[in-house]
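Observations on chain architecture
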Amino acid sequence: MQRQPYVKRPRSRLSYQVAYALRHPGKVWPHLRRMTRDARLRLTTADHVSYYREVMRADIAEMDADAAIGSHGRESWLRIGKLQFDYLVRHGLTPRDRVLDIGCGNLRLGWRLIDHLEPGHYHGIDISPEILLAAADTVAQRGLQSRLPHLTLVNDLTFGFLPDAHFTVVHAHSVFSHSPIEVIDECLRHVGRVLHPDGFFDFTFDRTEKAEHHVLREDFYYRTETLVRLAERYGLKARFMDDWERSRHRQSKLRVTH
Ligand SMILES: C[S@@+](CC[C@H](N)C(=O)[O-])C[C@H]1O[C@@H](n2cnc3c(N)ncnc32)[C@H](O)[C@@H]1O
C-alpha cells in the first residue's frame, strides 16, 4: 500500500511548544527525556514493531507494567478494563464467544474475559515479551489457570498461526493509537481470515478531525474516514461506534465486520 504522509500540526511548531511548556513547566523535563530515549531507540531498531517493543521494555523497567500500558495506578487499570468489558457484554458477549485480544498488555481487559469465557476461548497476542510475562502473572494472581488462556508473542499482525473464521470477537484497545498506518493496514488485510462470518472486530484509535499526525512515533492520530476506507480496501465494513463516545474515553471506536 501507499504510505500516507503525516502532516505537521501547529502543535509541532516551536511557538506552540514554547507556549505549551510555559503553561505546563512540570511536563518539560519528562518530555525531553522521552524524546531523547525515543530518538536512541529509533536509531537502534529496524522497524516500528521492534522500536515499540523497546519502548515497552523501557517503560516497564522505568515504571511498571500497569503504567507501561497507560494506567498510572490500579484504580485506573481496573476502571479501564471494566469499561471495555462492560461494553462488550452490552453488545452481546457470551461465554461461548471466542475472543482474540490484539495487544493484550498485562490483561487489563483480558483477565475479565478469561474469567467470563469458556476455557480456552481467550487468545491474547502482543509484541512485548515483558508485558506477556506480566500477563501470565495476572492470570496467576487472579487464580485463572484453569480457564486455559492462550498468550502468544507476535512479530506482526498476520495471524498466520491462527485458524480461519475462528474468532467471534476480535478486539484491539489502545493499540492502533500506537501504530503507524502500515501496521493497521497489515492487521486489516489479515483479520478477515480469522474473523468468524458473524463476528466483529472492535478497535479504538486516537481520532483527529484535522491533519493526521504522530508524536514521537509513539502516539498516532487518524481521521475516521482513513480507517474506514482502509477496511473497505480489504472487503470489510467499518462503523463508527457512537455509543462508545458516551463512555467519555479519550479514544474513539470503530467496529469492523465482513
Ligand atoms: C496501551 S497498551 C493496551 C493494552 C490492552 N489492550 C489494554 O487495553 O489493557 C498497548 C499494547 O499493545 C501492544 N502493541 C503495540 N503495538 C502492537 C502490535 N503491532 N501488535 C501487537 N501488540 C502491539 C503493546 O505492547 C501494549 O501491550
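Residues numbered from 1 in each chain as written. Predicted model: local features only at pLDDT ≥ 70, side-chain atom pairs only at ≥ 80, totals over all residues. Heavy atoms only, no water.

Comments concerning the overall build of the protein
Along the backbone of the protein there are 10 helices and 9 strands. Since a compact globule built from 258 residues should have a radius of gyration of about 18 Å, the 18 Å found for the protein is in line with a globular shape. Taking all 258 residues of the protein together, 49% fall into the buried category. Sequence separation of 24 or more characterises 72% of the internal contacts of the protein that already satisfy a separation of 6 or more. Accessible surface computed for the protein: about 13000 Å², of which carbon and sulfur atoms make up 54%. With 39 positive and 33 negative side-chain charges, the protein shows a separation of 5 Å between the mean positions of the two kinds. (Helix = DSSP H or I, 4+ residues; strand = E, 2+ residues; numbered from the N terminus. Rg over C-alpha atoms; globule rule 2.2 N^0.38 Å. Buried < 20%, exposed > 50% of the residue type's maximum accessible area, 1.4 Å probe, protein only. Contact = heavy atoms within 4.5 Å. Areas by Shrake-Rupley, 256 points an atom, 1.4 Å probe, with all protein chains shown as cover. Lys, Arg positive; Asp, Glu negative; His and termini not counted. Charge placed at Lys NZ, Arg CZ, Asp CG, Glu CD.)

Thoughts on the site of the ligand
Around the ligand there are 18 residues in total, and Gln84, Gly103, Arg108, Asp126 and His173 lie nearest to it. Within the side chain of Arg108, an N or O atom sits 2.8 Å from an oxygen atom of the ligand. Interatomic distance of 2.6 Å between a side-chain N/O atom of Asp126 and an oxygen atom of the ligand. Contact with the protein chains hides 98% of the accessible area of the ligand, taken as 600 Å² for the molecule alone. (Near = heavy atom within 4 Å. Polar contact = N/O pair within 3.5 Å; in protein donor to acceptor, adjacent residues only side chain to side chain.)

As for the pattern of salt bridges
Side chains bearing opposite charge may pair, as long as their charged atoms lie close to each other. Going through the model one piece at a time under the given rule, you end up with 19 salt bridges. Two residues, Asp38 and Arg37, come together in a salt bridge whose shortest N-O distance is 3.2 Å. Look at Arg37 and you get buried, because its relative accessible area is 8%. Put simply, Glu209 and Arg207 hold a salt bridge, and the shortest N to O gap is 2.5 Å. Exposure remark for Arg207: the relative accessible area of 34% places this residue in the partly exposed category. (Salt bridge = Lys/Arg side-chain N within 4 Å of Asp/Glu carboxyl O.)

Structural notes on helix 7 (residues 129-141)
For helix 7, which comprises 13 residues, the first-to-last C-alpha distance of 18 Å matches the rise-based estimate of 18 Å (1.5 Å per residue) to within 8%. Turning to helix 7, its buried residues are Ile131, Leu132, Ala134, Ala135, Thr138 and Val139. Seen along its axis, helix 7 keeps its buried residues to an arc of 155°; they face one direction. Along helix 7, the residues that are exposed and aim more than 90 degrees away from the buried face are Leu133 and Gln141. Of the residues trailing helix 7, Gly143 is marked for its positive phi of about 65°. (Expected span 1.5 Å × (residues − 1). Arc of directions from axis to C-beta.)

Remarks on unusual backbone geometry
Unlike most non-glycine residues, Leu107 shows phi in positive territory, near 70°. Inspection of the secondary structure puts Leu107 in the loop between strand 1 (99-102) and helix 6 (110-116). Given a relative accessible area of 0%, Leu107 falls into the buried group. Positive phi outside glycine occurs at Leu216, with the angle close to 60°. Tracing the chain through its elements places Leu216 in the loop between strand 6 (213-215) and strand 7 (219-222).

Some remarks on the packing of helix 2 (residues 28-44) against helix 3 (residues 48-62)
At a minimum axis distance of 9 Å, the contact between helix 2 and helix 3 shows a crossing angle of 140°. Taken as axis vectors, helix 2 and helix 3 run oblique relative to one another. The crossing of helix 2 and helix 3 is right-handed. Residue-level contacts link Arg33, Arg37, Asp38, Leu41 and Arg42 of helix 2 to Tyr51, Glu54, Val55, Ala58, Asp59 and Glu62 of helix 3. Of the residues belonging to the contact of helix 2 with helix 3, the class tally is 4 nonpolar, no polar and 7 charged. (Axes fitted to C-alpha atoms, helices over the stretch in contact; angles between N-to-C directions. Parallel < 35°, antiparallel > 145°, perpendicular 65-115°, else oblique. Left-handed = near helix turned anticlockwise from the far one by under 90°. Nonpolar A, V, L, I, M, F, W, Y, C, P; charged D, E, K, R; others polar.)

Quick notes on the environment of Asp137
Its place among the elements puts Asp137 in helix 7. C-alpha of Asp137 to C-alpha of Gln84: the two residues are 53 residues apart in sequence and 21 Å apart in space.

A closer look at the UniProt feature "domain: Methyltransferase type" (unreviewed entry) in the protein
According to UniProt, the feature "domain: Methyltransferase type" (unreviewed entry) maps to residues 100-201 in the numbering used here. The span residues 100-201 is 33% helix and 25% strand, and its two end C-alpha atoms sit 9 Å from each other. (UniProt positions renumbered as here; feature names shortened; annotations may be inferred.)

A closer look at helix 2
Its 17 residues give helix 2 an end-to-end C-alpha distance of 25 Å, which sits within 8% of 24 Å, the value for a rise of 1.5 Å per residue. Of the positions making up helix 2, those classed as buried are Arg37, Asp38 and Leu41. Buried residues of helix 2, viewed axially, fall in a sector of 100°; they line one side. Relative to its buried face, helix 2 has exposed residues pointing more than 90 degrees away, namely Trp29, Thr36 and Leu43. Against helix 3 lie the buried residues of helix 2.

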